[in-house]
Amino acid sequence: MNKEMIKNVVLGISLTGSITLLIQALYAGSAARLFLPIFFAVGLGLGLLRLFVNHNIKKMKGKSIMTKILFFAVLLGVGLPFQSWFRTNVMFAMDPEVMPRSIAMMVMGVVSLTVWTMKSKKQEA
């Protein structure tokens, strides 16, 4: 199996899984139907953030130590309060029955965006 085929399979599984979870929640009338699209969007945002940070870390070679410290200070200064707010006000306030599906949807959002970006970069090159 070549890498391109593996990327297609992973992307297909991720998107099919997220659509299946959403349809199941809509059909069952579950409270998760409100959270799943939000968590998918959060997953897409986390995937984008991961790609942004990885790209900028690669560009840090040859920069001064103060530039590196400033980059990570800003990253942590914005990221840690947001993470704390999300954990306490969103995750801990959720119904425990909805949480596993929401987390799965968020992970599928991260995987979908990462694989799709890898595929589109390869096609551009």
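The preceding data block contains the structure.
Predicted model, so just to flag it, every value in this text is computed and none were measured.

J.: Sorry if this is basic, but what is going on with the overall build of the chain here?
T.: Counting secondary structure elements, the chain contains four helices and zero strands. Element order for the chain, N to C, with α for helix and β for strand: α-α-α-α. For 125 residues, the compact-globule formula gives about 14 Å, and the C-alpha radius of gyration of the chain, at 18 Å, lies well above that figure. Residues counted as buried form 27% of the 125 residues belonging to the chain.

J.: Quick question: what am I supposed to make of the packing of aromatic side chains here?
T.: Two numbers describe a pair of aromatic rings. These are the distance of the centres and the angle of the planes. Applying the stated criterion across every chain yields a total of five aromatic pairs. Through successive ring pairs, a cluster of aromatic residues spans F39, F82, W85 and F86.

J.: Got a minute to help me understand the pattern of salt bridges in this structure?
T.: Close approach of charged atoms allows side chains of opposite charge to pair. Overall, the coordinates contain one salt bridge when judged by the stated rule. Note that E97 and R101 form a salt bridge whose closest N and O atoms lie 3.9 Å from each other. On the basis of relative accessible area, E97 is assigned to the exposed category, the value being 57%. Looking at R101, the relative accessible area reads 18%, which means it is buried.

J.: Sorry if this is basic, but what is going on with the nonpolar core here?
T.: A general tendency of soluble globular proteins is for nonpolar side chains to be buried together. Counting 14 residues, the largest nonpolar core has L36, F39, M94 and M105 as the members making the most contacts within it. Looking at this core, the elements with two or more residues in it are α1 (3–28), α2 (32–58), α3 (65–91) and α4 (99–124). It is α2 that provides the largest number of residues to this core, a total of four residues. Ignoring anything within four residues of it in the chain, the contact list for M105 reads S18, L21, L22, L36, F39 and F40.

J.: Looking at this structure, I do not really get the layout of surface pockets. What am I missing?
T.: Regions of empty space are outlined by a rolling probe, equal in size to a water molecule, passed over the atoms. Each pocket or cavity is described by its volume, and for the largest pocket that value is around 400 Å³. Lining the largest pocket are 16 residues, and of these L46, L49, G79, F82 and Q83 sit closest to its centre. Contributions of two or more residues to the lining of the largest pocket are made by α2 and α3. Broken down by element, the lining of the largest pocket gets its largest block of residues, 10 residues, from α3.

Analysis parameters
Residues numbered from 1 in each chain as written. Predicted model: local features only at pLDDT ≥ 70, side-chain atom pairs only at ≥ 80, totals over all residues. Heavy atoms only, no water. Helix = DSSP H or I, 4+ residues; strand = E, 2+ residues; numbered from the N terminus. Rg over C-alpha atoms; globule rule 2.2 N^0.38 Å. Buried < 20%, exposed > 50% of the residue type's maximum accessible area, 1.4 Å probe, protein only. Phe/Tyr/Trp six-rings, centres within 6.5 Å; stacked < 30°, edge-to-face > 60°. Salt bridge = Lys/Arg side-chain N within 4 Å of Asp/Glu carboxyl O. Core = buried A, V, L, I, M, F, W, Y, C linked by side-chain atoms within 4.5 Å. Contact = heavy atoms within 4.5 Å. 1 Å grid on protein atoms, 1.4 Å probe; cavity = no way out; pocket = protein on both sides within 12 Å on 5 of 7 lines; lining within 4 Å. Points joined across faces, edges and corners; volume = space filled by probe spheres on them.

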